[in-house]
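So you can see what is in the structure, the chains are spelled out below.
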Amino acid sequence: MKDDGVRFVTGAQLKRVHLSKKRDSDDDDDSGDGDNDDVVDQKEEATRLMTTGFEIFGKDTQSQQRPVRIVYSVKGEEEAQEHSEVFDSILVATGRVPNVEGMGLEAAGVEYDKRSGVLVNDMLQTTQKHIFAVGDVVAKYQFTHVADFMARMVIRNALFFGSDRFSDLLIPWATYTDPEVAHVGLYESDLKEKGVEYDTYERPFADIDRALLDGDTLGFCRIHTKKGGDQILGCTIVGAHAGDMISEVTLAMQSNTGLGRVATVIHPYPTQAEAVRQCGDAFNRTRLTPTIKSLFRTLMKYNK
């Protein structure tokens, strides 16, 4: 996928990375004033760290080439072939590992895994029931807001004899790319896998007046409901302010408020959030069955 000079290589197996310490345009800079020494040192350190990181995963890195060239193979190809892409720069997102070593967890009898972190049950108790663990070190969802609510849950369970369970939390998330991507609940693939029948209501931002005014119409609001009803099962929003908008749908799901009721909430005009309300309008229109439509036509005739 390519957009605005940015290329994303997906479904690929990385093989080699060719790195350069300096751009060609830097070679002619012979000012000799030493002002760029720190910058060069930082570039060399970044190159070293990147090289080490790739080598941990068995990837070959070469630093004599410029600019950056990625060599990869594509999953699903019948014959293994090497492909390559050339970049001005690359962003390395290698993920994180839990910081669980050197804490004396073995002495405390708390079991952990170097990759998945501390082992906890649904109430966030470790293998020592009086010891709890929260945050990225235990969570599948490594988000700050998830760690916050895990801590709140543990306080209730540990100090106030609570019985809250992590699996009961409704967790929204947002990725702050351009456009933003936000989600809560089940995906369409989840619903199909579980055999749940559903309806889908979608509103593109190209039809939302605020998006038109801002000149940023890329994206949509898509909501899945239980088949024939307005119980919200999941929502995905792609577009500007998606991370802000997802909270309204999360509240509706948390309070068991149906999509039809959401449509009755007055939203300020013009706002991006109207996309959510208009999905509710789309649901309410489905309630106008042929019988009801016929009844309305009859009433309109008499009113004339």
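Residues numbered from 1 in each chain as written. Predicted model: local features only at pLDDT ≥ 70, side-chain atom pairs only at ≥ 80, totals over all residues. Heavy atoms only, no water.

Caption draft 1: The arrangement of the overall build of the protein chain in detail. For the protein chain, the count of helices and strands is nine helices and 13 strands. Across the 304 residues in the protein chain, those meeting the buried criterion constitute 31%. Restricting to contacts in the protein chain with at least 6 residues of sequence separation, those with at least 24 account for 52%. Just so you have it, the protein chain exposes about 20100 Å², and 51% of that area is on carbon and sulfur atoms. (Helix = DSSP H or I, 4+ residues; strand = E, 2+ residues; numbered from the N terminus. Buried < 20%, exposed > 50% of the residue type's maximum accessible area, 1.4 Å probe, protein only. Contact = heavy atoms within 4.5 Å. Areas by Shrake-Rupley, 256 points an atom, 1.4 Å probe, with all protein chains shown as cover.)

Caption draft 2: A look at the environment of Gln81. Its place among the elements puts Gln81 in the loop between strand E5 (68-74) and strand E6 (83-87). Leaving out residues up to four positions away in the same chain, Gln81 has contacts with Tyr72 and Ser73.

Caption draft 3: Looking closely at the pattern of salt bridges. Inspection of every chain in the model, using the stated rule, returns nine salt bridges. One salt bridge connects Glu202 with Arg222, and the closest N-O pair in it is separated by 2.7 Å. One end of the pair, Glu202, is in strand E11 (residues 198-204); the other, Arg222, is in strand E12 (residues 220-226), and 20 residues separate them in sequence. Owing to a relative accessible area of 41%, Glu202 belongs among the partly exposed residues under this scheme. In this structure Arg222 comes out as partly exposed when scored by relative accessible area, which is 25%. (Salt bridge = Lys/Arg side-chain N within 4 Å of Asp/Glu carboxyl O.)

Caption draft 4: View of helix H8 (residues 274-286). End to end, H8 covers 19 Å across 13 residues, agreeing with the expected 18 Å (1.5 Å per residue, within 8%). All of the buried residues in H8 are Glu274, Ala275, Val276, Arg277, Gln278, Cys279, Gly280, Ala282 and Phe283. Those residues of H8 that are buried are in contact with E11, E12, strand E13 (232-238), helix H6 (242-254) and helix H7 (259-262). (Expected span 1.5 Å × (residues − 1).)

Caption draft 5: Local environment of the environment of Thr175. Here Thr175 is to be found in strand E9 (residues 173-175). For the pair Thr175 and Val238, spaced 63 residues apart in the sequence, the C-alpha separation amounts to 9.6 Å. Apart from residues no more than four positions distant in its own chain, Thr175 is found in contact with Glu180 and Val181.

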